[in-house]
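Single-letter residue listing:
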Amino acid sequence: MPVMLSLPPAVVIGLWLNAAHSGSVSPTDATNAIETITDQVDLSVDDEPTGSGISSFLELVRKACSASTPVAVGLPVDGDPAGIPNNVLVKIERSSGVVAINRDLLLFQTSDGPWALADASNTVMHYDLSQTRRILLNQIEDSAHQLAVSDLVGDETEIAGTLDAFQTHHLPPHLSDRSIGALELAAKIVIVAGGAITNSTALHSPSIDRIRLENLELLICESRKVLQSVVTG
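What counts, and at which threshold
Counting from 1, residues in each chain are numbered in the order their sequence is written. Totals for whole chains, interfaces and linings use all residues, but because this is a predicted model, local features are given only for residues with pLDDT of at least 70 and pairs of side-chain atoms are given and counted only at 80 or more. Note that water and hydrogens are dropped before the side-chain values are worked out from all heavy atoms of the structure. We count a stretch as a helix when DSSP gives it H or I for four or more residues in a row; a strand needs E for two or more, and each element gets its number in order from the N terminus. In this scheme, a residue with accessible area under 20% of its type's maximum is buried, one over 50% is exposed, and one in between is partly exposed, where area comes from a 1.4 Å probe on protein chains only. Note on contacts: a residue pair is in contact if any heavy atoms of the two residues lie within 4.5 Å. Reported accessibility uses the Shrake-Rupley method at a 1.4 Å probe radius. Residues are deemed covered only where the shown protein chains occlude them. How far a helix is expected to stretch is found by multiplying one less than its residue total by 1.5 Å. To form a nonpolar core, buried Ala, Val, Leu, Ile, Met, Phe, Trp, Tyr and Cys residues must be joined to one another through side-chain atoms within 4.5 Å. Paired strands are those between which DSSP finds at least two bridges. Lines fitted to C-alpha atoms define the axes here, with helix axes fitted over just the stretch in contact, and angles between the N-to-C directions of these axes take values from 0 to 180 degrees. In these notes the angle categories are as follows: under 35 degrees is roughly parallel, over 145 is roughly antiparallel, 65 to 115 is roughly perpendicular, and the rest is oblique. Helix crossings fall into two classes, left-handed where the near helix is turned counterclockwise from the far one by less than a right angle and right-handed where it is turned clockwise. Put simply, Ala, Val, Leu, Ile, Met, Phe, Trp, Tyr, Cys and Pro go in the nonpolar bin, Asp, Glu, Lys and Arg in the charged bin, and everything else, Gly too, in the polar bin.

1. Here's the deal with the overall build of the protein chain
Here is step 1 of the chain: Counting secondary structure elements, the protein chain contains 8 helices and 7 strands.
Here is step 2 of the chain: A buried classification covers 45% of the 233 residues belonging to the protein chain.
Here is step 3 of the chain: Across the protein chain, contacts joining residues at least 24 apart in sequence account for 68% of those joining residues at least 6 apart.
Here is step 4 of the chain: When the accessible surface of the protein chain is totalled, it reaches about 11200 Å², and 50% of it is carbon and sulfur.

In structure tokens form, the structure reads like this:
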């Protein structure tokens, strides 16, 4: 996963759509926020036109509000498509993530830049933030112990600079400090663990170095699940 300087856009869009779905914000406020996040007003249409009839973010917000379930967010990486079909994976800007409006409609940023809708059967999961947060905290504790006794060497300069540059923008006002803290923690763990994969090593011990990589990759995996836990209220 590329270095993140903020939460992935799909995460923030998912938060606003689910805030509108739960009635915590108005459809207009959600629309204005999403237009700011995407820096566009009209929705692009994927190569094959959708049957949704949606051409604006306001229409998309209303679609999300009328649905029986909240939207879900997928953050695909190599080896884990996060429930997103391959015909969509090849078109997207992966670092931005994908919003599953429902099981048959996806919102994503194309590799060319604009955000677009596509009819696409998907299995993007809904995650529970309380559960994913608890698992991540347990993984942090376990990994911290393992890494502390691994006699690692490395350069933390790049990681520290990325953490300093990290910011959160355009979050819905109703979010609790606990929810915001969990999302920020997960994003920062991705930065630290991703940087440590390339900027640290266990000298003279291939087996310990494998343990280092396994722990860092587990931290990233559990952090991604937290980021995909777009809360509804």
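Additional details are given in the paragraphs that follow.
2. Let's talk about helix H7 (residues 177-199)
Here is step 1 of the chain: Between its first and last C-alpha, H7 extends 32 Å over 23 residues, near the 33 Å set by a 1.5 Å rise per residue.
Here is step 2 of the chain: Those residues of H7 that fall on the buried side of the exposure criterion are Ser179, Ala182, Leu183, Ala186, Ala187, Ile189, Val190, Ile191, Ala193, Gly195 and Ala196.

3. Regarding the nonpolar core
Here is step 1 of the chain: Within the largest apolar cluster, 44 residues are counted, with the highest numbers of intra-cluster contacts made by Leu17, Val99, Ile101, Leu107 and Leu227.
Here is step 2 of the chain: The leading source of residues in this core is helix H1 (residues 9-22), at 9 residues.
Here is step 3 of the chain: If you look at the next biggest cluster of nonpolar residues, it comprises 13 residues, including Ile84, Leu89, Ala116 and Val124.

4. Some thoughts on the environment of Ala118
Here is step 1 of the chain: Within the fold, Ala118 resides in strand S5 (residues 115-119).
Here is step 2 of the chain: Separated by 18 residues in sequence, Ala118 and Ala100 place their C-alpha atoms 9.9 Å apart.

5. Details of the pairing of strand S3 (residues 98-102)
Here is step 1 of the chain: Burial analysis of S3 places 4 of its 5 residues in the buried class, the great majority of the element.
Here is step 2 of the chain: Summarising the sheet, strand S2 (residues 72-74) and S3 pair through 3 bridges and their orientation is antiparallel. From the neighbouring strand, Ala72 faces S3, where its bridge partner is Ala100.
Here is step 3 of the chain: As paired strands, S3 and strand S4 (residues 105-109) are joined by 4 bridges and run antiparallel to one another.

6. Some thoughts on the packing of helix H5 (residues 129-148) against helix H8 (residues 206-227)
Here is step 1 of the chain: One way to put it is that H5 packs onto H8 with a least axis distance of 9 Å and a crossing angle of 165 degrees. As the angle between them shows, H5 and H8 are arranged roughly antiparallel. In the packing of H5 onto H8, the handedness of the crossing is left-handed. Contact residues: Leu129, Thr132, Arg133, Ile135, Leu136, Gln139, Ile140, Asp142, Ser143, Gln146 and Leu147 in H5; Ile211, Arg212, Asn215, Leu216, Leu218, Leu219, Glu222, Ser223, Lys225 and Val226 in H8.
Here is step 2 of the chain: Classifying every residue of the contact of H5 with H8 by side-chain character gives 10 nonpolar, 6 polar and 5 charged.

7. Focus: the environment of Ala19
Here is step 1 of the chain: In this fold, Ala19 is placed in helix H1.
Here is step 2 of the chain: The buried category is assigned to Ala19, whose relative accessible area is 0%.
Here is step 3 of the chain: Remark: the alpha-carbon pair of Ala19 and Pro172, spanning 153 residues in sequence, is separated by 7.2 Å.

8. Regarding H8
Here is step 1 of the chain: For H8, which comprises 22 residues, the first-to-last C-alpha distance of 32 Å matches the rise-based estimate of 32 Å (1.5 Å per residue) to within 8%.
Here is step 2 of the chain: Residues Asp209, Arg212, Asn215, Leu216, Leu219, Ile220, Glu222, Ser223, Arg224, Val226 and Leu227 constitute the buried set of H8.

9. What to know about unusual backbone geometry
Here is step 1 of the chain: Although it is not a glycine, Asp39 sits at a positive phi angle of roughly 60 degrees.
Here is step 2 of the chain: Structurally, Asp39 is set in the loop between helix H2 (27-38) and strand S1 (44-45).
Here is step 3 of the chain: Phi at His170 is positive, roughly 60 degrees, even though this residue is not glycine.
Here is step 4 of the chain: Note that His170 resides in the loop between helix H6 (157-165) and H7.
Here is step 5 of the chain: The exposure class of His170 is partly exposed, given its relative accessible area of 42%.

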